[in-house]
Amino acid sequence: MASLHKRASAGLAILFVVLAFLLFGAAGTPRYWQGWAFLACYFAASIAITFYLVRKDPALLARRMRGGPFAEEEPAQRVIMSLASLGFIALIVLPGLDHRLGWSHVPPAAVVAGDLLVLLGWLGIFVVFRENSFTSARIELAADQRVISTGPYAWVRHPMYATALLMLLGIPIALGSWWGVLVVVAIVPALVWRLIDEERFLARNLPGYSEYRDRVRCRLLPGIW
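Heads up: these notes are all about the structure in this document.

Reading the values: the criteria
- Residues numbered from 1 in each chain as written.
- Predicted model: local features only at pLDDT ≥ 70, side-chain atom pairs only at ≥ 80, totals over all residues.
- Heavy atoms only, no water.
- Helix = DSSP H or I, 4+ residues; strand = E, 2+ residues; numbered from the N terminus.
- Rg over C-alpha atoms; globule rule 2.2 N^0.38 Å.
- Buried < 20%, exposed > 50% of the residue type's maximum accessible area, 1.4 Å probe, protein only.
- Contact = heavy atoms within 4.5 Å.
- Phe/Tyr/Trp six-rings, centres within 6.5 Å; stacked < 30°, edge-to-face > 60°.
- Polar contact = N/O pair within 3.5 Å; in protein donor to acceptor, adjacent residues only side chain to side chain.
- Salt bridge = Lys/Arg side-chain N within 4 Å of Asp/Glu carboxyl O.

1. Here's the deal with the overall build of the protein
Here is step 1: What the protein contains, in helices and strands, is eight helices and zero strands.
Here is step 2: Rg of the C-alpha trace for the protein: 18 Å, near the compact-globule value of 17 Å for 225 residues, within the 12% margin.
Here is step 3: Each principal axis of the C-alpha distribution contributes one length, and for the protein these read about 55 × 45 × 30 Å.
Here is step 4: Scored against the burial criterion, the 225 residues of the protein give a buried share of 44%.
Here is step 5: Sequence-distant contacts, at least 24 apart, represent 78% of the contacts inside the protein between residues at least 6 apart.

Put into structure tokens, the structure is as follows:
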């Protein structure tokens, strides 16, 4: 438990340093209040959820820490996760450049709304974690995994992707960049590709998933898709 806590804390610290370097390096200045507000919201929520998982569900936290392109077993998923990782980097760098060059004029109220979207996305992720302890950062099955059909899974088959998309939309707005929203649009195809590929994997390998898929028709957005 102590080792997991240390690794999780170190991972968050490294992520903070990397994001701050990318964001303020692209902006060319630390005088970027939108950037500091975003980092405060993003890491306050991620730290709170991490500490919750350390105490309540360390197995889930361990699964969430085994993510990234090189953690995937399938070549297609390595490509998808590489694209998603590059997209996330662009989602941080482009708003920084936008701030430096003055491309966008986002009012403070919209920036605050973007931060609220980020926090709402984290809240949705927390709800998913509480409902589904098998939520891994890579496509895999746990030895005792079963189909989860309660909570948000009664509405859509992939609530994690839905809440992540909400957070991604909030990030460029929170950073004061309308142009950054275009990066979210570019990320969506990779997210959809991963989602569909994951469904194929679950239908082949997780007993009861095909029946669940027939009952819950929407993948991502209730009543839409």
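On we go.
2. What to know about the packing of aromatic side chains
Centre-to-centre distance and the angle between the planes together describe a pair of aromatic rings.
Here is step 1: Summed over the entire model, instances satisfying the criterion amount to eight aromatic pairs.
Here is step 2: Plain terms: the ring middles of Phe-24 and Tyr-32 are 6.1 Å apart, the flat faces sit at 90° to each other, and that makes the pair edge-to-face.
Here is step 3: With a centroid separation of 5.4 Å and 70° between ring planes, the pair formed by Tyr-42 and Trp-122 is classed as edge-to-face. With Tyr-42 in helix α2 (residues 33-56) and Trp-122 in helix α5 (residues 108-131), this pair connects stretches of sequence that are 80 residues apart.
Here is step 4: Judged by relative accessible area, which is 13%, Trp-122 ranks as buried.
Here is step 5: The rings of Phe-16, Phe-38, Tyr-42, Phe-43 and Trp-122 are connected pair by pair, giving a single aromatic cluster.

3. Some details on the side chain of Arg-194
Here is step 1: Summarising the element assignment, Arg-194 is placed in helix α7 (residues 181-205).
Here is step 2: Overall, the relative accessible area of 9% leaves Arg-194 in the buried class.
Here is step 3: A polar contact of 3.5 Å, which involves the side chain of Arg-194, links it to the side chain of Tyr-161.
Here is step 4: Excluding its chain neighbours within four sequence positions, the residues that come into contact with Arg-194 are Glu-72, Gln-77, Ile-80, Met-81, Ala-137, Arg-138, Ile-139 and Tyr-161.

4. What to know about the pattern of salt bridges
Pairs can form between side chains of opposite charge once their charged atoms are near each other.
Here is step 1: Counted by the stated rule, this structure contains four salt bridges.
Here is step 2: Measuring nitrogen to oxygen at the nearest pair gives 2.5 Å for the salt bridge that ties Glu-199 to Arg-157. Taken together, the residues Glu-199 in helix α7 and Arg-157 in the loop between α5 and α6 (159-174) connect sequence positions 42 residues apart.
Here is step 3: What makes Arg-157 buried here is its relative accessible area of 6%.
Here is step 4: Two residues, Arg-219 and Glu-199, come together in a salt bridge whose shortest N-O distance is 3.1 Å. Pair noted here: Arg-219 is in the segment after α8 (209-215) and Glu-199 is in helix α7, with a separation of 20 residues, a long-range link.
Here is step 5: Here Glu-199 falls in the buried class, since its relative accessible area comes to 3%.
Here is step 6: Overlapping salt bridges bring together Arg-157, Glu-199 and Arg-219 as one network.

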